[in-house]
Amino acid sequence: MATSIKVKTVESKQERDDFFLLPWDIHEDDKNWVPPLLLSVKQTLDTAKNPFWKHAKQKLWVAYQGGACVGRIAGVIDESHNKFHGETTAFWGFFECINDIEVARALFSVVEAWSREQGMNVLRGPMNPSTNHECGLQINAFDTKPFIMMTQNPAYYPELVEKAGFSKAKDLYAWLLDNSRKFDDKLVQNAKRLQESQGIVVRPIDMAKYEEEIEKIIEVYNDAWEKNWGFVPMTNEEFRHMAKDMKPILVPQLVYIVEVRGETAGFSLWLPDLNQVMAKIPDGKLFPAGLIKLLWYTKVKRIVNRGRILTLGVKKKYRNLGLASLLYLRYYEDAPALGYPLGECSWILEDNAAMNQGLKLMKADLYKTYRIYDKPLTTQLN
């Protein structure tokens, strides 16, 4: 007889510890798994410290079988998302599970029941906890390590999710950029000609005026992505909270602001891949040894030699100028000289034809896909 599965709402200290520490058991044998920084995950879910939770609510669950913790999941309802898109959608995220469909079904069942109680009619995920954070289920390239702030999961997760009744809502692409591949000469000439003819300036962020620069970036961010699938505008408080967290790890020379005749028209954010350092901190704990390793591998014996273009956006009124190609060209020119020859551009919506075609022309490799799943809440688990 199979051991019964018990799913509990996270309330006690033990349940909370089990929720946060379960990934180390699930990924124990995966050499490509990069342990998260425990403090960072806890802060993301901290309703008192993360301003995201001022317009969203969460519920956390853990699953037990034979006394062992075998799964976890979070339910999220984001009022800003539903208001912006005119939806009644709930989200699931922070999913971890042993390779057992019954455990997975038990976890999704409690999220579905909770979501229905809240009046929601669609369940979507994974979102950890939104598209402005980590999201998507990795569905291929399981022999690669994730870049900073990208998800990673065992190869059996997609099957668990699909057997639980979910189907594809949208795919997200990750492209690999390598400066050893020659940038198309025609693209370079066109980009430079454009820059000269339109009075375009591409400059690095001014860290001495960080708060002022962030204000300009917020304006671009909420304009550039407004029509994108799944986009939700961040509040000023949310954006500044994220900017504060990122400030210590920025490489200012690789965070660009684009100006057209003096007006801020676009920006791009590149982050060094600190996952290369996190792989050296197997327990995910910053104190005491983790902090020493973090400082050692970033300041003394630098091992970070790749990065991720996390965000690249242009205001709608300037889309016809081809500013994205100018930004990519700058990365090809500047990143290798700073010690970063390889980078990832992620994530890009599968139906963002302009961006995907541009990356093809730049000879980037589409090497990894992440998937967002939907399930109508009128559908019961099989």
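In the block above lies the structure referred to throughout.
Cut-offs and rules
Numbering of residues begins from 1 in every chain and follows the order in which that chain's sequence is written. Residues qualify for local features only when their pLDDT is at least 70, as the model is predicted, and side-chain atom pairs are given and counted only at 80 or more; totals for whole chains, interfaces and linings, by contrast, use all residues. Heavy atoms throughout the structure, all of them, feed into the side-chain values; hydrogens and water do not. Helix and strand definitions here come from DSSP, where helices need a minimum of 4 consecutive H or I residues and strands a minimum of 2 consecutive E residues; each element is numbered from the N-terminal end. Radius of gyration: over C-alpha atoms. The globule rule applied is 2.2 Å multiplied by the number of residues raised to the 0.38 power. Each residue is assigned to one of three classes by its accessible area relative to the maximum for its type, calculated with a 1.4 Å probe on protein chains only: buried under 20%, partly exposed between the two thresholds, exposed over 50%. Should any heavy atoms of two residues lie within 4.5 Å, those residues are considered in contact. A residue counts as positive if it is Lys or Arg and as negative if it is Asp or Glu; His and the chain ends are not included. Here the site of a charge means NZ on Lys, CZ on Arg, CG on Asp, or CD on Glu. Salt bridge, as used here: a side-chain nitrogen of Lys or Arg that lies within 4 Å of a carboxyl oxygen of Asp or Glu. This arc is taken over the directions from the axis of the helix to the C-beta atoms. Pairing between two strands requires that DSSP report at least two bridges joining them.

> Which residues make up the overall build of the protein chain, and what are the values?
For the protein chain, the count of helices and strands is 12 helices and 15 strands. The C-alpha radius of gyration computed for the protein chain amounts to 21 Å, which stays within 12% of the reference 21 Å derived for 382 residues, consistent with globular compactness. Along the longest, intermediate and shortest principal axes, the C-alpha atoms of the protein chain span 75 × 50 × 35 Å. Taking all 382 residues of the protein chain together, the buried fraction comes to 52%. By sequence separation, contacts in the protein chain at least 24 residues apart represent 76% of the contacts at least 6 residues apart. A gap of 3 Å separates the mean positions of the 50 positive and 48 negative side-chain charges of the protein chain.

> I'd love a proper account of the pattern of salt bridges, names of residues and values included.
Oppositely charged side chains can form a pair if their charged atoms are brought close together. Counted under the stated rule, the structure contains 23 salt bridges. With a closest N to O distance of 3.6 Å, Lys 168 and Asp 171 form a salt bridge. Classification of Asp 171 as buried rests on a relative accessible area of 6%. With a shortest N-O distance of 3.6 Å, Lys 216 and Glu 213 are connected by a salt bridge. Residue Lys 216 and its partner Glu 213 are located together in helix 7 (residues 210–224), separated by three residues, close to a single helical turn.

> Give me helix 12 (residues 353–361): which residues, what numbers.
Among all positions in helix 12, only Met 355, Asn 356 and Leu 359 are buried. Relative to the axis of helix 12, the buried residues are bounded by an arc of 95 degrees and lie together on one face. For helix 12, the exposed residues set more than 90 degrees away from the buried face come down to Ala 353, Ala 354 and Lys 360. The inward-facing, buried residues of helix 12 contact strand 9 (167–178), strand 13 (306–314), helix 11 (323–334) and strand 14 (342–349). At the exit of helix 12 stands Lys 363, carrying a positive phi of roughly 65 degrees.

> Residues and numbers for unusual backbone geometry, please.
When glycine is set aside, most residues are seen to have a negative phi, and most peptide bonds are trans. The omega torsion of the bond from Gly 125 to Pro 126 falls at 5 degrees, within 30 degrees of zero and hence cis. By the secondary structure assignment, Pro 126 is in the loop between strand 5 (122–125) and strand 6 (127–128). Here the amide bond leading from Asn 128 into Pro 129 is cis, since omega sits at 5 degrees, within 30 degrees of zero. Of note in this structure, Phe 94 is not a glycine but carries a positive phi near 55 degrees. Mapped onto the elements of the fold, Phe 94 is located in strand 4 (residues 89–97). Residue Phe 94 is classed as buried on the basis of its relative accessible area of 8%. Here the phi dihedral of Arg 261 falls at roughly 50 degrees; this positive angle occurs in a residue that is not glycine. Summarising the element assignment, Arg 261 is placed in the loop between strand 11 (255–260) and strand 12 (263–272). Residue Arg 261 is classed as exposed on the basis of its relative accessible area, which comes to 59%.

> Which residues make up the pairing of strand 13, and what are the values?
Counted residue by residue, strand 13 has nine buried out of nine residues, so it is predominantly covered. Two strands pair when backbone bridges link them, and strand 12 and strand 13 are joined in this way by seven bridges, in the antiparallel orientation. Bridge pairing in strand 13 links Ser 268 to Leu 312. Examined bridge by bridge, strand 13 and strand 14 share four bridges and lie parallel to one another. If you follow Arg 308 over to strand 14, its bridge partner there is Glu 344.

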